[in-house]
Amino acid sequence: MVFDDGDLVLFHSLDKAKLKKVTKEKVVKKTTKSEETYDSQGVWTTVDSLGRPEVLVQAFEKGQEITQEVVMRKLTEILIARGKKGTSISDQLALLFQVEEKIKEHRLSIGLHVKVLFSLISVFFDYDKNHAACMSVVMFDRLLGVFDRLFDLLENHQVELLTPEVDADDLESLETPPFVVHGSLIATMTLLNVECTKTLQCANGNEVEYVERLRDERRLCLLLDRLCSYLEKREADPADLCVAYQLKVEHMYYKFDVEWGKRVESEGIEAVGPNESTAVIQRLCRYIYTHDRTDRLRTRAILCHIYHLALYDNWYQARDLMLMSNLQMSIEHADQSTMVSHWE
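Because the structure is a prediction, the values reported are computed rather than measured.

If you look at the biggest cluster of nonpolar residues, it comprises 69 residues, and the most contacted ones within it are Val-114, Met-189, Leu-192 and Leu-227. Residues in contact with Val-114, not counting those within four places in the same chain, are Leu-150, Leu-153, Leu-154, Val-159 and Val-181. Counting seven residues, the second-largest nonpolar core is a separate cluster that includes Ile-302, Leu-303, Leu-321 and Leu-327.

Structure, rendered in structure tokens:
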């Protein structure tokens, strides 16, 4: 077959057109993927013509009868899809929030409400850690709100929480009291504490953003107070109390009460007396010294206690505690974060 110059020009133009078409398709696909990534982090939100957030997914059909069984089936369906390829975290959060609203609207069981809140917390921590160093500010604020609602339910109703080692399917009771729900406050609060630290590390210390993130720490400290009170009232396992007390101590030991310091300068330490936080930290640390069986929490509690005593001019007590603990000889066997705290 013989081709003339006109045919070659025609083939050449067709190849260029195909190449441009393929390139445009690739660009469109790449853009769509990036939009999904931002949306899963809570940065972008689809809005309607009036600027109101548009709900892309619906948990229940319009006019559907809402019962305990319907909500439980929907919750199971959402949790089964968790972690699968193509599952959007933002869609799962939207569905779970809709389920929670239906539970409150139709006054369904408290056990089911607690179950949904624990599921929400789990999905929040599923954010893409490969593309984000920490949770977005919007998501973290919503997560703190979920914890507030969870503690409101646990403090006002009799709900027994199962440990992660127990099979939840056999022992959970969500419909009638006494309610039994699978969930761990210690594990979730520990994750929340780590996430709060990440948000502070990612914030710019030279901008107002850092000050705003410090307000989140105040909310976290209030949640830790509620956690300790809840565990004390329920006479929880000493191991759980040790973890909760240590979390609280690590947010208290390095903070100096400036107003107390001014009063001491003007009136004297004899007239003012010791700071209130000193007695609180001493009580919490002594409990950890007595009941901790891991040695790690005890070591960290001793370091925090020593620092706090020295911060409030109790030098001799801090020195005696350091010498009696013999940390100089055993600190090399501790984990890295504990060793860093020791050398600080």
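Let's shift gears to the pattern of salt bridges. Counted according to the given criterion, the structure contains 18 salt bridges. Salt-bridge contacts for Asp-126 lead to Arg-82; the nearest nitrogen and oxygen are separated by 2.6 Å. With Asp-126 in the loop between helix 4 (110-124) and helix 5 (137-156) and Arg-82 in the loop between helix 2 (68-80) and helix 3 (89-105), this residue pair connects regions lying 44 residues apart in the sequence. Taking relative accessible area as the criterion, Asp-126 reaches 30% and is therefore assigned partly exposed. For Arg-82, a relative accessible area of 35% gives the class partly exposed. Shared partners join several salt bridges into a network, and the residues in it are Asp-141, Asp-148, Asp-152, Glu-155, Arg-219 and Arg-226.

Model confidence for the protein is summarised by a mean pLDDT of 82, while 79% of its residues fall at 70 or above. Least confident of the elements in the protein is helix 1 (residues 5-40), whose mean pLDDT is 45; most confident is helix 9 (residues 238-250), at 96. Low pLDDT, under 50, characterises residues 22-41; the stretch is placed with 12 contacts to residues that sit more than four places away or in other chains.

Next up on the list: the side chain of Lys-248. Tracing the chain through its elements places Lys-248 in helix 9. Residue Lys-248 is classed as buried on the basis of its relative accessible area, which comes to 17%. What Lys-248 contacts, discounting residues up to four positions off in sequence, is Leu-224, Asp-225, Cys-228 and Leu-284.

Attention now goes to the packing of aromatic side chains. For the coordinates displayed, the defined rule picks out seven aromatic pairs. Here the aromatic rings of Tyr-253 and Tyr-307 are separated by 5.4 Å at their centres, their planes lie at 80°, and the arrangement is edge-to-face. Highlighted residues: Tyr-253 in the loop between helix 9 and helix 10 (258-267) and Tyr-307 in helix 13 (residues 296-311), separated in sequence by 54 residues. You can call Tyr-253 buried: its relative accessible area is 17%.

Locating Gln-92 in the fold gives a position in helix 3. Beyond its immediate stretch of four places on either side in the chain, Gln-92 contacts Ile-78, Ala-81, Arg-82, Thr-87 and Val-123.

Cis geometry is found at the peptide bond from Pro-177 to Pro-178, where omega equals -5°. Here Pro-178 shows up in the loop between helix 6 (168-171) and strand 2 (179-182). Look at Asp-295: it is not a glycine, yet its phi comes out positive at around 70°. By the secondary structure assignment, Asp-295 is in the loop between helix 12 (276-291) and helix 13.

All right, on to the packing of helix 2 against helix 4 then. At a minimum axis separation of 11 Å, helix 2 and helix 4 run at an interaxial angle of 15°. Relative to helix 4, the element helix 2 lies roughly parallel. Crossing of helix 2 against helix 4: the hand is left-handed. Residues Gln-68, Val-71, Met-72, Leu-75 and Leu-79 of helix 2 form the contact with helix 4, whose participating residues are Leu-112, Lys-115, Val-116 and Ser-119. Across the contact of helix 2 with helix 4, the residue classes break down as six nonpolar, two polar and one charged.

This part is about the environment of Leu-321. Tracing the backbone shows Leu-321 in helix 14 (residues 315-325). Setting aside chain neighbours within four positions, we find Leu-321 in contact with Tyr-289, Ile-302, His-305, Ile-306 and Leu-309.

What counts and how
Residues numbered from 1 in each chain as written. Predicted model: local features only at pLDDT ≥ 70, side-chain atom pairs only at ≥ 80, totals over all residues. Heavy atoms only, no water. Core = buried A, V, L, I, M, F, W, Y, C linked by side-chain atoms within 4.5 Å. Buried < 20%, exposed > 50% of the residue type's maximum accessible area, 1.4 Å probe, protein only. Contact = heavy atoms within 4.5 Å. Salt bridge = Lys/Arg side-chain N within 4 Å of Asp/Glu carboxyl O. Helix = DSSP H or I, 4+ residues; strand = E, 2+ residues; numbered from the N terminus. pLDDT = per-residue confidence, 0-100. Phe/Tyr/Trp six-rings, centres within 6.5 Å; stacked < 30°, edge-to-face > 60°. Axes fitted to C-alpha atoms, helices over the stretch in contact; angles between N-to-C directions. Parallel < 35°, antiparallel > 145°, perpendicular 65-115°, else oblique. Left-handed = near helix turned anticlockwise from the far one by under 90°. Nonpolar A, V, L, I, M, F, W, Y, C, P; charged D, E, K, R; others polar.

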